[in-house]
Amino acid sequence: MEGLHASKILQKSASCGLTNSWKALCEIKQKVEKNIIWLPREEKLSFWYNDWTKKDPLYKHLPSDVKPRDVLLRDVLEENSWQYEKIEDEIPYSVKNIVDQQHLILLLGVPEKVIWTTNSTGVFSVASAWNCLRQRKNQLSIFTKIWNKHVPLKMAFMSWTGLMDRVPTDEKIAKIGYNRYAICYCCYPHSIELKTAEHLFCSGSFAQVVWKRFAGPCGILMDGMQLMQVVHNWWNHKTTNIIASFMVKLLLALIIWKLWRSRCAYRYENGTPLVCRSESLISNKLSNLTGQKFGKVKLKTSWNQIQKMLDQRIRFKTYRLVKWVKPPISFAKLNSDGSCVEGNCSMGGVIRYDPGNFILAYSSFTGTDTKNSATPWRIAQEIEEIKKLVHEENVGAQHCFK
């Protein structure tokens, strides 16, 4: 389609397309047209079908059954005057009003410019077009919580694929025509039925035992629930302290990861899955990740010791470094503050040069009032002090900001 003006593409209907590429262009033309603005330069724009007024193409302001004959903008605009008599179709007053508001100067030899409005730079990009045309599905909040910087990426990815039912279970493999004799390790006694992700991560015998080992001490119910319901309960469970909340969120990804590892170990390494071993590995990893998040917290690697932290009420003290920030070179800086204790209000401040050299300090008792009521008076006092300093030191104020 090299050499074909974009306005011609937008005028075509889907029925005239022969190739799949042309049909796809015709299907998205309405969405694309809304995000294109043409800046008239070379006089080759369409009067009706290009958005040169920034108020949609003019044909959209006509009745839906009216299809005006295409005419170039240069044929209508002559010497900065609109020649409506050269347009064969009748022009409504609303269209004339839009056109009369435009003040254009067409330049010969200068190509017209296209503005792609979905991009802040005005330049077309595939990424911006994709975000404009694609149909987004409703995003579930449960999936946004899976990706946590404190959870190893492989575990977060495994949780996501498990919840989305994208893991290569026996059922998935059988659908592509590859059937193999498989024994389910997570059922007692073992069965040869094709297992799903729901069975592997939730309803299976082994999965149920592992989940209950951790769900019980956390106070989370999961009897008779499906995987998505279990995950929802874990994410919305209220804990007594911030460490317990962090550990509960981690346990979800750690348990799903360990269930998948147990399945793969049994399938490919002839390993026997053991609940006690799974509990030990999950607890050890949970202790390490929690220690990385809360450096001063020392946790045991045993689950019986870790679960004691879930019921404790912990208070954290936060510290913030307070320091004087130097002003730019050749500037002075005023720092002021006030306080009000039991109705007795006072104020004070200090002025220093950019190296930190002392210039002036002041303090004053503002009387008996509230802090908010004393604020305007305090500001007035500080301004008077600044005026006095400027007069005595013979300096000028370039900029004043709070």
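Note that the structure is predicted; figures quoted are calculated from it, not measured.

> Any chance you could explain the nonpolar core here in plain terms?
Generally speaking, nonpolar side chains in soluble globular proteins are found buried as a group. If you look at the biggest cluster of nonpolar residues, it comprises 54 residues, and the most contacted ones within it are Phe201, Trp211 and Trp234. Taken together, the elements giving at least two residues each to this core come down to helix 7 (141-144), helix 8 (153-163), helix 10 (197-203), helix 11 (205-218), helix 12 (227-235), helix 13 (242-268), helix 14 (275-293) and helix 15 (303-306). Top element by residues in this core is helix 13. It accounts for 16 residues. Beyond its immediate chain neighbours, meaning those up to four positions away, Trp234 contacts Trp211, Phe214, Ala215, Ile220, Val248, Lys249, Leu251, Leu252 and Ile255. Counting 25 residues, the second largest nonpolar core, distinct from the first, contains Leu58, Ile87, Ile91 and Ile98.

> Would you mind showing me how to read a positive patch on the surface here?
A cluster of basic side chains, namely Lys154, Arg261, Arg277 and Lys285, defines a positive patch on the protein surface. The topology assignment puts Arg277 in helix 14.

> Help me understand the packing of aromatic side chains, please; the structure alone is not making it clear to me.
For the structure shown, the criterion picks out seven aromatic pairs. Summarising the aromatic geometry, the rings of Trp116 and Phe124 are spaced 5.1 Å apart at their centres and angled 75° between planes, so their arrangement reads as edge-to-face. With relative accessibility at 6%, the residue Trp116 sits in the buried group. The lysine or arginine in question, Lys293, covers the ring of Phe294, its NZ or CZ lying 5.9 Å from the ring centre.

> What's the story with the confidence of the model for the protein chain in this structure? I'm lost.
The predicted coordinates should not be examined in detail at positions where pLDDT is low. In this model, the protein chain carries a mean pLDDT of 76, and residues with pLDDT of at least 70 account for 78%. When pLDDT is averaged over each element of the protein chain, helix 8 comes out on top at 91 and helix 1 (residues 6-11) at the bottom at 48. Long-range and interchain partners of residues 1-14, a stretch whose pLDDT sits below 50, account for 29 contacts in this model, where long-range means more than four residues apart.

About the criteria used
Residues numbered from 1 in each chain as written. Predicted model: local features only at pLDDT ≥ 70, side-chain atom pairs only at ≥ 80, totals over all residues. Heavy atoms only, no water. Core = buried A, V, L, I, M, F, W, Y, C linked by side-chain atoms within 4.5 Å. Buried < 20%, exposed > 50% of the residue type's maximum accessible area, 1.4 Å probe, protein only. Helix = DSSP H or I, 4+ residues; strand = E, 2+ residues; numbered from the N terminus. Contact = heavy atoms within 4.5 Å. Patch = residues over 30% accessible without salt bridge, like charges linked within 9 Å, V, L, I, M, F, W, Y side chains within 5 Å. Areas by Shrake-Rupley, 256 points an atom, 1.4 Å probe, with all protein chains shown as cover. Salt bridge = Lys/Arg side-chain N within 4 Å of Asp/Glu carboxyl O. Lys, Arg positive; Asp, Glu negative; His and termini not counted. Charge placed at Lys NZ, Arg CZ, Asp CG, Glu CD. Phe/Tyr/Trp six-rings, centres within 6.5 Å; stacked < 30°, edge-to-face > 60°. Lys NZ or Arg CZ within 6 Å of the ring centre and 35° of its normal. pLDDT = per-residue confidence, 0-100.

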